[in-house]
Amino acid sequence: RRPDGAVMAGGFVGGPVSIAAWLRRVPSVVFLPDIEPGLALKVMARLAWRVAATTSDSAAYVGGGKLVATGYPLREQFLTTTRASARSRLGLAPDERVLLVYGGSKGARSINRAVVSALDALLERSIVIHVSGESDWAEVDAAKSALSAAQQTRYRAYAYLHEEMVDAMAAADLVVCRSGASSLGELPALGLPAILVPYPHAWRYQKVNAEYLAARGAAEVLEDRALADPEHGLAARVAALLDDAPALEAMRSASRRLGRLDGADNIAVLLAQAAERTHD
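My aim in this report is to walk through the structure given alongside it, one point at a time.

Reading the values: the criteria
- Residues numbered from 1 in each chain as written.
- Predicted model: local features only at pLDDT ≥ 70, side-chain atom pairs only at ≥ 80, totals over all residues.
- Heavy atoms only, no water.
- Helix = DSSP H or I, 4+ residues; strand = E, 2+ residues; numbered from the N terminus.
- Rg over C-alpha atoms; globule rule 2.2 N^0.38 Å.
- Buried < 20%, exposed > 50% of the residue type's maximum accessible area, 1.4 Å probe, protein only.
- Areas by Shrake-Rupley, 256 points an atom, 1.4 Å probe, with all protein chains shown as cover.
- Lys, Arg positive; Asp, Glu negative; His and termini not counted.
- Charge placed at Lys NZ, Arg CZ, Asp CG, Glu CD.
- Core = buried A, V, L, I, M, F, W, Y, C linked by side-chain atoms within 4.5 Å.
- Contact = heavy atoms within 4.5 Å.
- Salt bridge = Lys/Arg side-chain N within 4 Å of Asp/Glu carboxyl O.
- Polar contact = N/O pair within 3.5 Å; in protein donor to acceptor, adjacent residues only side chain to side chain.

1. Things to note about the overall build of the chain
A count of helical and extended segments in the chain gives 14 helices and 10 strands. Here the chain has a C-alpha radius of gyration of 20 Å; the compact-globule value for 280 residues is 19 Å, and the two agree. C-alpha extents for the chain along the principal axes are approximately 70 × 35 × 35 Å. Every one of the 280 residues in the chain was classed for burial, and the buried ones make up 49%. Total accessible area computed for the chain in this model is approximately 13600 Å², and 53% of it derives from carbon and sulfur atoms. Within the chain, the 31 negative side-chain charges are centred at a point lying 7 Å from the centre of the 31 positive side-chain charges.

If you want it as structure tokens, here you go:
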């Protein structure tokens, strides 16, 4: 097809495309969503004209002056949804405290089970929106059925949310989630305080992402193995933050300061510049 430019976002499927672009002298832009690149992205970055990154901290891993901190690309809902409009659509009162828990598109069993085991304590302090993923839905649904009628009204459990997910995030006072790449862009875009639980069975990129947000005051890090700890686990950490309005507000402000809403535009500009080089 002889394209004027190429853009890719990592994964081994991008390797052959990256090599082909380099061999054909097609300028390529690689997007690095996490702070630290995995093996495939490291190879692709060496062949790329520019590396777009969510944050400038990725410069420690990308040489050659190629890095451009563009921000994370967000879908339009993140740019237009407000806390008030989200709560209205979800039927949540403006003054209710809301905890949102999710584990990514497939869910997170350790987080799901920690939430289920602590429902009584969590529901005393907040409405809980819990997106479990399909794999654990039967277990979560059974736990909801065992609650009292009053508790069930405060426990909003879903196997998966589609368009409503941005509303759930915008409505939340506090989020508990993994620390994949989207946490670097989506949480700050909405100014969300978070308790981040890095996925322990993969490369350390989630740990690096979580530590980046925590070091800037926007999040706390909770190790997966400590989720059920009675003194320092999920329930205790959530309670401590929800009961400390000044601390939660400080985290919210810190998160908002990290927010960038122009990531998609900036990556598009880079790609256009790459294509222009083909005709120079």
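2. Points about the nonpolar core
In this structure, Leu100, Tyr102, Met169, Val175, Leu187 and Leu196 are the most contacted members of the largest nonpolar core, which totals 42 residues. For this core, the element with the highest residue contribution is helix α9 (residues 164–171), accounting for six residues. Once residues lying within four places of it in the same chain are set aside, the contact partners of Val175 are Leu100, Tyr102, Leu187, Leu192, Pro193, Ala194 and Ile195. Val101, Ala108, Ala143 and Leu174 belong to the second largest nonpolar core, which has 28 residues in total.

3. Looking at the pattern of salt bridges
Following the criterion strictly, the structure yields 16 salt bridges and no others. For the salt bridge of Arg87 with Asp173, the shortest nitrogen-to-oxygen distance reads 3.0 Å. Within this pair, whereas Arg87 is found in helix α4 (residues 83–90), its partner Asp173 is found in the loop between α9 and β8 (174–177), the two being separated by 86 residues in sequence. Note on accessibility: Arg87 and Asp173 belong to one class, buried.

4. Brief notes about the side chain of Ser58
Structurally, the position occupied by Ser58 is in the loop between β3 (50–53) and β4 (67–69). We classify Ser58 as buried; its relative accessible area is 0%. In this structure the side chain of Ser58 is engaged in a polar contact, spanning 2.7 Å, whose partner is the backbone oxygen of Ile35. The contacts of Ser58, once residues within four sequence positions are left out, are Leu32, Asp34, Ile35, Ala53 and Leu67.

The values are spatial; any link to function lies outside them.
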